[in-house]
Amino acid sequence: MALRDLVIVLGDQLDLEAAAFDGFDATLDAVWMAEVDEESTHVWSSKSRIVLFLSAMRHFRLALAAAGRPVHYRPLTAAQAPCGLADRLQADIAHLRPQRLVITAPGDWRVLRAIRQLARANRLVLDIRDDRHFFGSVRDFAEHARGRRTLRMEAFYRAQRQRHGVLMQANGPEGGRWNFDEHNREAFGPAGPGAVPSPPRFEPDAITREVMQLVTTRFAAHPGQLDAFAWPVTRAQALQAMQAFMQERLPLFGRYQDAIWPGQPWLYHAQLSAALNLKLLNPREVVAAAEQAYREGRAPLAGVEGFIRQVLGWREYVRGIYWTQMPGYLEHNALDAREDLPMWFWTGETDMACLREAIRQTLAIGYAHHIQRLMVTGLFALMLGVQPRQVHAWYLAVYVDAVEWVELPNVLGMSQFADGGLMGSKPYIATGRYIQRMSPHCQGCRYDPAQRSGDTACPFTTLYWDFLMRHAAWLGRHPRMAPQVRNLSRLADEQKQAVQMRAAAIRRGEVGGMPGTAPGPAAETGAKALQKESPVALRTTGLFGAGKAPEGAPGADRGGRASFTSWSAGRIKPHFSVI
Ligand code: FAD
Ligand code: SF4
């Protein structure tokens, strides 16, 4: 019998309840899944990220079979020629001859475009269904954004709490406040975190081991290691990970959310982003479990609110930004950043203790917590002035939870301020003293966070002052940044010059690299991969319509449009052309 619907399931859509399965009839329809190189090579994906996706897909294939849904599954083999998703699907359309293609809305604009083009070329109906995984749809977000002067997560988050009845009481938010952040920013004392409950480890089974073998052979040159791979790859494992977090680590999650401690990558974090993004877990069940822990007195309100803010607020907010702003969002470079990412981002071979730990840990386990991503690696790249697309390609490559809809706004918007203030109100910049406050790293580092120039000056501190000088014209007009810019007047001209000279040496790679180490093949391949990603990705674009950049804003001198409008006038008109 002819095939009615071919239901396409992508590697991050591993949910038996997904909308693509509505009306699925095993006698008429079939599922299609494929492992393709392109998804591991369009950025130079780490081995752990590839293994997680492929292993979870192979396990999901078994879940589909157990649910009685026929699957056409195209595995990758060690010898197979490189292949893209569209080519592989095209070959199967010719062979299976379905009447329709059905898919849950993909998380990646590039993939959606490829599948749309393919359906059109084959004159096939393409039924794209809303992704019910999320609390709200992209349309809901666009509605929230329409006509606002500024988009801010806080307003969106409060609306989400009300709309979905999360942590609410009769007259408003639980506890009488929406935000308990001031309780959530503690560092550990000198004694450190003590005994933190370890998250469950899921030792690789035969399927995962087979995938590890494949990845070690086929993607041998890719960054990262697999020795410590223990991520959940099935829904049952993801649920177990979630329950362990709710019982053991949620109570102290909020309090130590921003703290960093060497050798302790997880601390009190949930370690659930990868399972959520693969759709092995549903955010509703995660949020409900956290709220229940609070209502049963097992976790404090401040921490639970802080956790729910991440999942119900930030996660849905960044998705809305991505889908209402793509494809132009990828091109933004509002600060006109032109540097290359230092090669040691691919190896961790730097003498800066905080960066060495964050990068080595990332390459070893595919994970770093939010503050490491934002205030260590991201902060350094921002203040150094690295091309945002290179920073994006690195983050998308190295983290196991990296999927473009969530990674890109976090990197380009929140961490690099490349969208000029659409995603967040101001650039996150800080001296090394911030890292000193949140971690003990500076004690064992050859640099001194209190010094801004000279041989022992902490590169973060140097680059902070250099950033203020480079961007003083527009930062001085920003209501929340102006006080920092005013501090520049405390510096004599010679002090400013000393900062600039030191910053130039950092940019030339004379500071920060590991003495006596050559970049090595991994770093060189990584650098080449980034060049491929951003040939000259320097378009400075505006998000809020026409208009020249304000005088002094990056891009203004080159006639570019800048977009520092989030604190000035201009109503947001979501592009909203995709779903
Ligand atoms: P926890 O700290 O325990 O937080 C709980 C959950 O909240 C997470 O599992 C995640 O689902 C959600 N969450 C928290 N913060 C965010 C956020 N800013 N945006 C979206 N969801 C959030 N998250 C990804 O899922 N994929 C990425 O590729 C990614 N890239 C990032 C890049 C940068 C530069 C930054 C600053 C953040 C990035 N994040 C990304 C957000 C956040 O850092 C991770 O979600 C978090 O570190 C994952 O670890 P966890 O599960 O232990 O999270
Ligand atoms: Fe990082 Fe600077 Fe502290 Fe060294 S001194 S650990 S480079 S913040």
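This text follows the structure it describes.
First, a word on scope: everything that follows refers to the structure included in this document. Since we're looking at a predicted model, the values are computed, not measured.

1. Some words on the environment of Leu379
Part 1 of the argument: When you line up the elements, Leu379 lands in helix H13 (residues 370-384).
Part 2 of the argument: Here Leu379 falls in the buried class, since its relative accessible area comes to 0%.

2. A few points about the sheet that holds strand S3 (residues 71-74)
By way of backbone hydrogen bonds, the strands of a sheet pair with one another, either parallel or antiparallel.
Part 1 of the argument: Ordered in space as S3-S2-S1-S4-S5, the 5 strands form an open sheet in which the pairing is parallel. The open sheet has two edge strands, S3 and strand S5 (125-129), and neither has a second partner. The sheet shows a mean angle of 25 degrees between the axes of neighbouring strands, taken without regard to direction.
Part 2 of the argument: Here strand S4 (residues 100-104) pairs with S5 via 5 bridges, running parallel. Its bridge partner being in S5, Leu101 is matched across the sheet by Leu126.
Part 3 of the argument: Against the sheet, helix H2 (residues 47-66) contacts strand S2 (30-34) and S3, and its axis sits at roughly 160 degrees relative to S3.
Part 4 of the argument: Where helix H3 (residues 85-96) meets the sheet, it contacts strand S1 (5-8), S2, S3 and S4, and its direction lies at approximately 150 degrees from that of S2.

3. Let's talk about the pattern of salt bridges
Part 1 of the argument: Tallied over the full model, the rule gives 36 salt bridges.
Part 2 of the argument: With a closest N to O distance of 2.9 Å, Arg177 and Glu182 form a salt bridge.
Part 3 of the argument: A salt bridge links Arg507 to Asp466; the nearest nitrogen and oxygen atoms lie 2.8 Å apart. Taken together, the residues Arg507 in helix H20 (residues 493-507) and Asp466 in helix H17 (residues 459-470) connect sequence positions 41 residues apart.
Part 4 of the argument: In the salt-bridge network here, residues are joined through shared partners; they are Arg4, Asp5, Asp29, Arg100, Asp127 and Arg129.

4. Considerations on H13
Part 1 of the argument: Over its 15 residues, H13 runs 20 Å from end to end, which matches the ideal 21 Å to within 8%, given 1.5 Å per residue.
Part 2 of the argument: Of all the bends in H13, the greatest, near 45 degrees, is centred on Gly378.
Part 3 of the argument: Following H13 by one or two positions, Gly385 has its phi on the positive side, about 90 degrees.

5. A few points about the pairing of S4
Part 1 of the argument: A large share of S4 lies buried, amounting to 4 of its 5 residues.
Part 2 of the argument: Here S1 runs beside S4; their pairing, made up of 4 bridges, is parallel. Residue pairing in the sheet places Asp5 in a bridge with Arg100 of S4.
Part 3 of the argument: Crossover handedness for the path S4 to helix H4 (residues 109-121) to S5: right-handed.

6. A closer look at helix H8 (residues 235-253)
Part 1 of the argument: Here H8 spans only 23 Å end to end across 19 residues, well under the 27 Å set by a 1.5 Å rise per residue.
Part 2 of the argument: Of all the positions in H8, only Gln237, Ala238, Ala241, Met242, Ala244, Phe245, Met246, Arg249, Leu250 and Phe253 are classed as buried.

7. Some points on the site of ligand 1
Part 1 of the argument: The environment of ligand 1 is made up of 28 residues, and the closest members are His269, Ala270, Gln271, Asn277 and Tyr367.
Part 2 of the argument: In this structure, Asn277 approaches ligand 1 through a side-chain N or O atom, which is 2.8 Å from an oxygen atom.
Part 3 of the argument: One of the side-chain N or O atoms of Tyr367 is found 2.7 Å from an oxygen atom in ligand 1.
Part 4 of the argument: Protein contact buries 99% of the 810 Å² of open area that ligand 1 shows by itself.

8. Some words on the site of ligand 2
Part 1 of the argument: Taken together, Met352, Ala353, Cys354, Gly432, Ile435, His441, Cys442, Cys445, Tyr447, Pro449, Cys458 and Phe460 are the residues near ligand 2.
Part 2 of the argument: Contributing elements (two or more residues each) for the shell around ligand 2: helix H12 (353-365) and helix H16 (432-438).
Part 3 of the argument: Here the residues of the shell around ligand 2 sort into 10 nonpolar, 2 polar and no charged.

9. So, the nonpolar core
Part 1 of the argument: Counting 158 residues, the largest nonpolar core has Leu250, Phe307, Leu355, Phe380 and Phe460 as the members making the most contacts within it.
Part 2 of the argument: Top element by residues in this core is helix H11 (residues 301-325). It accounts for 12 residues.
Part 3 of the argument: Among all residues touching Phe380, those that are not within four sequence positions of it are Pro342, Trp344, Phe345, Met352, Leu355, Pro459, Phe460, Leu463 and Ile506.

10. Quick look at the packing of aromatic side chains
Part 1 of the argument: All told, the structure shown has 26 aromatic pairs when counted by the stated rule.
Part 2 of the argument: Aromatic side chains Phe156 and Tyr317 sit 5.8 Å apart centroid to centroid with 45 degrees between the ring planes, which places their arrangement in the tilted category. Of this pair, Phe156 sits in helix H6 (residues 153-164) while Tyr317 sits in helix H11, and the two are 161 residues apart along the sequence.
Part 3 of the argument: For Tyr317, a relative accessible area of 0% puts it in the buried group.

11. Side note on the side chain of Arg249
Part 1 of the argument: Inspection of the secondary structure assignment puts Arg249 in helix H8.
Part 2 of the argument: Buried within the structure, Arg249 lacks any salt-bridge partner; Glu248 is the closest side chain of opposite charge, at an N-O distance of 4.8 Å.
Part 3 of the argument: Apart from the residues lying within four places of it in its own chain, the contact partners of Arg249 are Pro197, Pro199, Pro200, Ala244, Leu267, Tyr268, His269, Ala270 and Gln271.

12. Re the side chain of Asp351
Part 1 of the argument: Its place among the elements puts Asp351 in the loop between H11 and H12.
Part 2 of the argument: You can call Asp351 buried: its relative accessible area is 8%.
Part 3 of the argument: A polar contact is formed between the side chain of Asp351 and the side chain of Arg446, at a distance of 3.5 Å.
Part 4 of the argument: At 2.9 Å, the side chain of Asp351 forms a polar contact with the side chain of Tyr447.

Definitions and limits used
Residues numbered from 1 in each chain as written. Chains lettered and ligands numbered in written order. Predicted model: local features only at pLDDT ≥ 70, side-chain atom pairs only at ≥ 80, totals over all residues. Heavy atoms only, no water. Helix = DSSP H or I, 4+ residues; strand = E, 2+ residues; numbered from the N terminus. Buried < 20%, exposed > 50% of the residue type's maximum accessible area, 1.4 Å probe, protein only. Pairing = 2+ DSSP bridges. Axes fitted to C-alpha atoms, helices over the stretch in contact; angles between N-to-C directions. Contact = heavy atoms within 4.5 Å. Salt bridge = Lys/Arg side-chain N within 4 Å of Asp/Glu carboxyl O. Expected span 1.5 Å × (residues − 1). Bend = angle between axes of the 7 residues up to and from the residue. Right-handed = clockwise from strand over helix to strand, strands pointing away. Near = heavy atom within 4 Å. Polar contact = N/O pair within 3.5 Å; in protein donor to acceptor, adjacent residues only side chain to side chain. Areas by Shrake-Rupley, 256 points an atom, 1.4 Å probe, with all protein chains shown as cover. Nonpolar A, V, L, I, M, F, W, Y, C, P; charged D, E, K, R; others polar. Core = buried A, V, L, I, M, F, W, Y, C linked by side-chain atoms within 4.5 Å. Phe/Tyr/Trp six-rings, centres within 6.5 Å; stacked < 30°, edge-to-face > 60°. Lys, Arg positive; Asp, Glu negative; His and termini not counted.

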